[in-house]
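If you want the building blocks of each chain, they are given just below.
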Amino acid sequence: MIRIYDYHLDENGFRVRLLLSMLGLSFETVAVDKAPGREQEKPHMLALNPTGTLPILEDGDVRLFGTAAIFVYLVRAHAPDSPWLPATPADFGRVQQWLGFSGRELKHAVDAREAALFTSEGASETDLKAARKAFRIMEDHMTLRQMEGSNWFVGDHPSLADLSLLPSFALSRDCGIDHDEYPALRRWLRRFRSLPGFITMPGVPDYH
């Protein structure tokens, strides 16, 4: 049985739960309190992941942390022939490029949302500005892709690039970012929501 140690409102946890669902894999969730100084930083959790971050994946004798590492493992181990991780070197590289973008540029969106939800100060203008800049890069890319007749960030099928990018945009209204500024991303999110196995979480909009 696949097990994920997770906090139910955590964006990266949603990424992993979403991939597991879309791959049709059964899994169980171990709820972990993500607040600073709470359960995720206690010795029994640090024994699973010394960085103190979530989520953590266990699959038999395999234990992994880091969303990108979990993504690549799950596809290679359980769906090696699926388009989630393209086989062609160029598209494989492009997916890795967007996975890196998700972990770097979109970190500001993650931080802004968490500050808006869980602190009295709310999201900082620095994080909000950087998040909007990242979404503008995504919007421009998807606008060009749609003009070329493609619906996804890489290749002709949804891939780990789409799955890694989507939660930050989908949940960004939690920190006050208006999705009307990003029509191409709205259409992309609507298409992704219609895929088999899609699951949602609080904060993900239901566009009609």
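One can find the structure itself at the top, above this paragraph.
For the structure given in this document, a descriptive report is provided here. (Residues numbered from 1 in each chain as written. Predicted model: local features only at pLDDT ≥ 70, side-chain atom pairs only at ≥ 80, totals over all residues. Heavy atoms only, no water.)

Observations regarding the pattern of salt bridges
Phase 1: Counted according to the given criterion, the structure contains 12 salt bridges.
Phase 2: A salt bridge links D6 to R17, with the nearest nitrogen and oxygen atoms 2.1 Å apart. Of the two residues, D6 is situated in strand 1 (residues 2–6) and R17 in helix 1 (residues 11–22); the sequence distance between them amounts to 11 residues. For the pair D6 and R17, a shared accessibility class is recorded, and that class is buried.
Phase 3: Salt bridges sharing common partners tie together R3, E28, E58 and R63. (Salt bridge = Lys/Arg side-chain N within 4 Å of Asp/Glu carboxyl O. Helix = DSSP H or I, 4+ residues; strand = E, 2+ residues; numbered from the N terminus. Buried < 20%, exposed > 50% of the residue type's maximum accessible area, 1.4 Å probe, protein only.)

A closer look at the packing of helix 6 (residues 125–147) against helix 8 (residues 183–193)
Phase 1: Running from amino to carboxyl end, helix 6 crosses helix 8 at an angle of 75°, the nearest separation of the two axes being 8 Å. Comparing the axis directions of helix 6 and helix 8 gives the class roughly perpendicular. Counted together, F135, M138, E139, M142, T143 and Q146 of helix 6 and P183, A184, L185, R187, W188 and R191 of helix 8 form the full contact between these two elements.
Phase 2: Among the residues making up the contact of helix 6 with helix 8, the classes are represented as 7 nonpolar, 2 polar and 3 charged. (Axes fitted to C-alpha atoms, helices over the stretch in contact; angles between N-to-C directions. Parallel < 35°, antiparallel > 145°, perpendicular 65-115°, else oblique. Contact = heavy atoms within 4.5 Å. Nonpolar A, V, L, I, M, F, W, Y, C, P; charged D, E, K, R; others polar.)

Section: the sheet that holds strand 2 (residues 27–31)
Pairing between the strands of a sheet comes from backbone hydrogen bonds, and it takes one of two forms, parallel or antiparallel.
Phase 1: What the 4 strands build is an open sheet, ordered 2-1-3-4; its pairing is mixed. The open sheet has two free edges, formed respectively by strand 2 and strand 4 (62–65), since each of these has just one partner strand. Averaged over all adjacent pairs, the angle separating strand axes in this sheet is 20°, with direction ignored.
Phase 2: With 4 bridges joining them, strand 3 (residues 56–59) and strand 4 adopt antiparallel strand pairing. (Pairing = 2+ DSSP bridges.)

Here's the deal with the side chain of S150
Phase 1: Considering the arrangement of structural elements, one finds S150 in the loop between helix 6 and helix 7 (160–170).
Phase 2: Not counting the four nearest positions on each side in its chain, S150 is found in contact with R145, G155 and D156.

Let's talk about the packing of aromatic side chains
Phase 1: The final tally for this structure, using the stated rule, is 10 aromatic pairs.
Phase 2: The interplanar angle of 75° and the centroid separation of 5.9 Å between the aromatic rings of F135 and Y182 together place this pair among those described as edge-to-face. Of the two residues, F135 sits in helix 6 while Y182 sits in the loop between helix 7 and helix 8, which places them 47 residues apart along the sequence.
Phase 3: On the basis of relative accessible area, Y182 is assigned to the buried category, the value being 1%.
Phase 4: Note on F169 and Y182: the rings are 5.9 Å apart at their centroids and 90° apart in plane angle, and the pair reads as edge-to-face. In this pair, F169 is assigned in helix 7 and Y182 in the loop between helix 7 and helix 8, connecting sequence segments 13 residues apart.
Phase 5: One aromatic cluster is present, formed by W84, W152, F192 and F198 through successive ring pairs.
Phase 6: Lying over the aromatic face of W152, R191 brings its terminal NZ or CZ to 5.8 Å of the ring centre. (Phe/Tyr/Trp six-rings, centres within 6.5 Å; stacked < 30°, edge-to-face > 60°. Lys NZ or Arg CZ within 6 Å of the ring centre and 35° of its normal.)

Comments concerning the nonpolar core
Among soluble globular proteins, nonpolar side chains are generally buried collectively.
Phase 1: The biggest cluster of nonpolar side chains holds 60 residues, and the ones touching the most others in it are L74, F135, M138, F153, L160, W188 and F192.
Phase 2: For this core, the leading source of residues is helix 7, giving 7 residues.
Phase 3: Once you skip the residues sitting within four places of it in the chain, F135 turns out to touch L106, A109, S168, F169, S172, I177, Y182 and L185. (Core = buried A, V, L, I, M, F, W, Y, C linked by side-chain atoms within 4.5 Å.)

Looking at the packing of helix 1 against helix 7
Phase 1: Where helix 1 contacts helix 7, the two axes come as close as 9 Å, and the packing angle between them is 140°. When the axes of helix 1 and helix 7 are compared, the pair comes out oblique. In the packing of helix 1 onto helix 7, the handedness of the crossing is right-handed. Contacts from E11, F14, R15, L18, L19 and M22 in helix 1 reach L160, L163, S164, L166, P167 and S168 in helix 7.
Phase 2: Among the residues making up the contact of helix 1 with helix 7, the classes are represented as 8 nonpolar, 2 polar and 2 charged. (Left-handed = near helix turned anticlockwise from the far one by under 90°.)

Observations regarding helix 7
Phase 1: Here helix 7 lies mainly inside the structure; 11 of its 11 residues are buried.
Phase 2: Among the residues of helix 7, those classed as buried are L160, A161, D162, L163, S164, L165, L166, P167, S168, F169 and A170.
Phase 3: Contact partners of the buried residues in helix 7: helix 1, helix 3 (67–78), helix 4 (89–104), helix 5 (107–118), helix 6 and helix 8.

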